[in-house]
Amino acid sequence: MNRVLEELESLQNSPDPDTVHDLRVVIRRCRSLAAVMGEVDPDSAWPEMRKVARKLFRGLGAVRDAQVLEAWIKKLASENDPLRTRLLASLETDEKQRSDDALRVAAKFDEKEWTQLERRLRQRARLVPVGGLAAECLALERFEEAKELHNRALRTEKPKPWHALRIGLKRFRYTLEGLLPEHSAAWGENLKRLQDLLGDVHDLDVLSAVLRENETAEASESAKAWQEKISHERRDRIETYRQLTLGKTSLWHDWRHSLPNGKRLDAAAMARLRATARAADSRIRKTGQVSRIALRVFEVLRRVDAAPVFREPSVRRLMQAAAKLHGVDSAGGRNLSQKAVRKFLLSLTIPPNWTFEQWDLMAWAVRFHRGPEPKQKNGFAKLAEEQQTTVRALAGVLRLARTLRKSGLEGPVGLRGEKSADAIVLSVPGLLDTAEIAARLASAKHLLESVQEKPLILKSAPKPEKAPAPIHEPSEATPVVDAPASA
């Protein structure tokens, strides 16, 4: 964002082609990263930043397009070509107007608001550490979007899919530059090469359209020869692109291999969800306590085989996500009701290794982790019986974990479970035996008991003793450095 201001000043001092291009590139980088971060962080500053930069970006577009067209016209035709002379004259006639318009838009750019947004977003950007797992997940999402556009483009010769691929590849490249600089350094040269090829294809498509608009009866033969040259140049670039991206040596294959897979992909998706939780949860410390207790309760119930639902491998991942996100309570500067939280979660981009059905069940669990229990009405009633059981189990664990924390349990250490002939017994360290706590826990465990095969009994257990802090003796290998003598 600071670079935008630097390039803006350069443009105002000297509006040459390179300056226009550099300013558009840095604006596009900002807007691309804002779009990525907006998928994780619902803060309104991200769309505001995109909006502030949009008018300037578009205002410079006409200047840049004319500059590119001029370069291609000079490259494809000889100096004595009458069509070339006419097209260049047309561009020259409007050149001053385009430059004046660009400078006028640049002068109206709100630098003060941009600076304020930069200060605000500097803090928000820390939600996704550069080079971290959440960054890898976001890069993978951009990769998959671009790869799908690649597949669509290969099925046709039409301009629009190839232009969409060009934009998707740019977004992937800028995401790498901002969030995974090591990947960007390794792949940057090939990414730029593909981007340049697709940029040429787009420029040639634009030039072809301009020729059709300016074609006259007298210049029809000349225009036909131009179109043949354009088609030839375009085919060459698409063929080069195909050679780089198909087969065993495909660049797409190499990139995907280096992005998260398997267990690392699961960890990256969870890191992405943690970033959203930190962004939209005003009581993140409390949520963390409840989350740790909930995951321990879930694990205990799974081990004692409390109900078939706890044996499902996929349910554990739903539990982890619901535990992290159940504290979400605000988005875009407004507080959210439980119903609104569910809608907010469903509006987020689904992590790469999730299905919509899984994400929907997790959102239902967050919806019912407190307040009235789910009833057979509205959307919940449309879920299959097995899905309803999953939601009740997850929401029930969260309800119990929240109440255990309120009742004095500080963490999951010491929670134990066992299954007897008549009940499932959960031993809770330091649980006080008062009428108020007993009534609170009876209400909290009701939803969970509705999916278990046996009643759930909570009993107090001794608190685990804290281990004494270890005494760290200095290592023999550590040299002692004398303090420097004062001068």
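Structure's up top.
As a starting point, this report considers the structure included with it. (Residues numbered from 1 in each chain as written. Predicted model: local features only at pLDDT ≥ 70, side-chain atom pairs only at ≥ 80, totals over all residues. Heavy atoms only, no water.)

### Points about the sheet that holds strand β5 (residues 456-461)
Read from one edge of the open sheet, three strands run β3-β4-β5, paired in mixed fashion. Every interior strand has two partners, whereas the edge strands, β3 (416-419) and β5, have only one. If you compare each strand with its neighbour and ignore which way they point, the axes differ by 25° on average. (Pairing = 2+ DSSP bridges. Helix = DSSP H or I, 4+ residues; strand = E, 2+ residues; numbered from the N terminus. Axes fitted to C-alpha atoms, helices over the stretch in contact; angles between N-to-C directions.)

### Considerations on the packing of aromatic side chains
Enumeration over the complete set of coordinates arrives at 13 aromatic pairs. Between F172 and W187 the ring centres are 6.4 Å apart and the planes differ by 35°, which places this aromatic pair in the tilted class. Placement of the pair is F172 in helix α7 (residues 159-179) and W187 in helix α8 (residues 181-214), with a sequence separation of 15 residues. Across the pair, W187 and F172 agree in class, each one buried. Grouping aromatic residues by their ring pairs yields a cluster made of F143, F172, W187, W252 and W255. Its end group placed over the ring of W354, R317 keeps NZ or CZ at 4.8 Å from the ring centre. (Phe/Tyr/Trp six-rings, centres within 6.5 Å; stacked < 30°, edge-to-face > 60°. Buried < 20%, exposed > 50% of the residue type's maximum accessible area, 1.4 Å probe, protein only. Lys NZ or Arg CZ within 6 Å of the ring centre and 35° of its normal.)

### Some thoughts on the pairing of β3
Along any regular strand the residues' side chains alternate between the sheet's two faces. Pairing geometry for β3 and strand β4 (residues 424-429), over four bridges, is antiparallel. Each bridged residue has a counterpart across the sheet, and for E418 the counterpart in β4 is V425. Connecting β3 to the next strand, β4, in antiparallel fashion are four residues.

### Some details on the environment of A146
By the secondary structure assignment, A146 is in helix α6 (residues 133-154). Given the relative accessible area of 0%, A146 is considered buried. Remark: the alpha-carbon pair of A146 and R256, spanning 110 residues in sequence, is separated by 12 Å. In this structure A146 touches L165, G168, L169 and W252, once residues within four positions along its chain are discounted. (Contact = heavy atoms within 4.5 Å.)

### Topic: the pairing of β4
In terms of burial, β4 is largely enclosed, as six of its six residues are buried. The two faces of β4 match: I424, L426 and V428 on one face and V425, S427 and P429 on the other face are all buried. Note: β4 against β5, six bridges, orientation parallel. Counterpart to I424 in the pairing with β5 is L456.

### Focus on the side chain of R142
Residue placement: R142 occurs in helix α6. Only 3.1 Å separates the side chain of R142 from the side chain of E145, close enough to count as a polar contact. With residues up to four places along the chain from it excluded, the contact list for R142 reads A35, V36, E39, R171, F172 and T175. (Polar contact = N/O pair within 3.5 Å; in protein donor to acceptor, adjacent residues only side chain to side chain.)

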